[in-house]
Amino acid sequence: MRFDRPGDVFLADCPARLTLEVISDKWSMVTLYALGSRPWRHGELRELIGGVSSKVLTQTLRRLERYGMVRRHEYAEVPRRVEYELTELGHTLLPAIAALTTWAEQHGAAVIEALDGHGALDGAGGPGPARRPEGAPAGASASA
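What you see is a predicted model; the values in this text were computed from it and never measured.

Student: Would you mind going over the overall build of the chain with me for this structure?
Tutor: Check the secondary structure of the chain and you find six helices and two strands. Traced from its N-terminal end to its C-terminal end, the chain shows the element sequence α-α-α-α-β-β-α-α. The buried share of the chain, reckoned over its 144 residues, is 26%. Long-range contacts, defined here as pairs at least 24 residues apart, represent 38% of the contacts in the chain between residues at least 6 apart. In the structure as shown, the chain presents an accessible area of about 9900 Å², 56% of it carried by carbon and sulfur atoms.

Next comes the structure, spelled out in structure tokens:
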């Protein structure tokens, strides 16, 4: 396999690499996955996606819109109503996101177990041990 051709994600200026950076963001993946089911209003998405702030969700939606994956539709109503939905390009991501989500659901406990076994990573800003909710079984985390 050659890695020195256009479209090579190892090249700094590769469009595929930029695309991977955009969609691999934690909030982008979850937002795209949510929008795969139906159009959502901002507040509905914020409630659905646990842990995301309104500001971060707005930034995520704007970035995904800028890259052609999400469409913002503002209705001429009072009060103003805005919905977000996937574009045709955004819909093409759903099989890949669904596969990654399935993998994460099947192997999340093993990842947390490995993290628990290593404690804090390297002191360079990496995550420390996962917090387990009180009374939760081993392998469960606060974000699971």
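What follows picks up the thread again.
Student: What should I look at first to understand the pattern of salt bridges in this one?
Tutor: Two side chains with opposite charge may pair up if their charged atoms get near one another. By the definition in use, this model includes eight salt bridges. Put simply, glutamate 74 and arginine 80 hold a salt bridge, and the shortest N to O gap is 3.7 Å. One salt bridge connects glutamate 77 with arginine 81, and the closest N-O pair in it is separated by 3.0 Å. Judged by relative accessible area, which is 37%, glutamate 77 ranks as partly exposed. Look at the salt bridges and you will find they share partners, linking Arg72, Glu74 and Arg80 into a network.

Student: Would you mind showing me how to read the pairing of strand E2 (residues 81-86) here?
Tutor: Each regular strand displays side chains that alternate between the two surfaces of the sheet. One ladder, built from six bridges, connects strand E1 (residues 70-75) with E2; its direction is antiparallel. Bridge assignment links histidine 73 to a residue of E2, and that residue is glutamate 83.

Student: Help me understand the confidence of the model for the chain, please; the structure alone is not making it clear to me.
Tutor: A low pLDDT score tells you not to read the predicted coordinates there in detail. Counting all residues, the mean pLDDT for the chain is 82, and 77% of those residues have values of 70 or more. Within the model, the stretch residues 128-144 combines pLDDT values under 50 with 25 contacts to residues more than four positions away or in other chains.

Student: Would you mind showing me how to read the nonpolar core here?
Tutor: With 22 residues, the main nonpolar core has Leu32, Leu35, Leu45, Leu61, Met69 and Val70 as its most contacted residues. Contributing elements (two or more residues each) for this core: helix H1 (15-23), helix H2 (26-35), helix H4 (54-66), E2 and helix H6 (94-118). Broken down by element, the residue count for this core peaks at five residues, all from H2. Contacts of leucine 35, omitting those with residues within four sequence positions, involve Trp40, Leu45, Leu61, Val70, Tyr84, Glu85 and Leu86.

Conventions adopted
Residues numbered from 1 in each chain as written. Predicted model: local features only at pLDDT ≥ 70, side-chain atom pairs only at ≥ 80, totals over all residues. Heavy atoms only, no water. Helix = DSSP H or I, 4+ residues; strand = E, 2+ residues; numbered from the N terminus. Buried < 20%, exposed > 50% of the residue type's maximum accessible area, 1.4 Å probe, protein only. Contact = heavy atoms within 4.5 Å. Areas by Shrake-Rupley, 256 points an atom, 1.4 Å probe, with all protein chains shown as cover. Salt bridge = Lys/Arg side-chain N within 4 Å of Asp/Glu carboxyl O. Pairing = 2+ DSSP bridges. pLDDT = per-residue confidence, 0-100. Core = buried A, V, L, I, M, F, W, Y, C linked by side-chain atoms within 4.5 Å.

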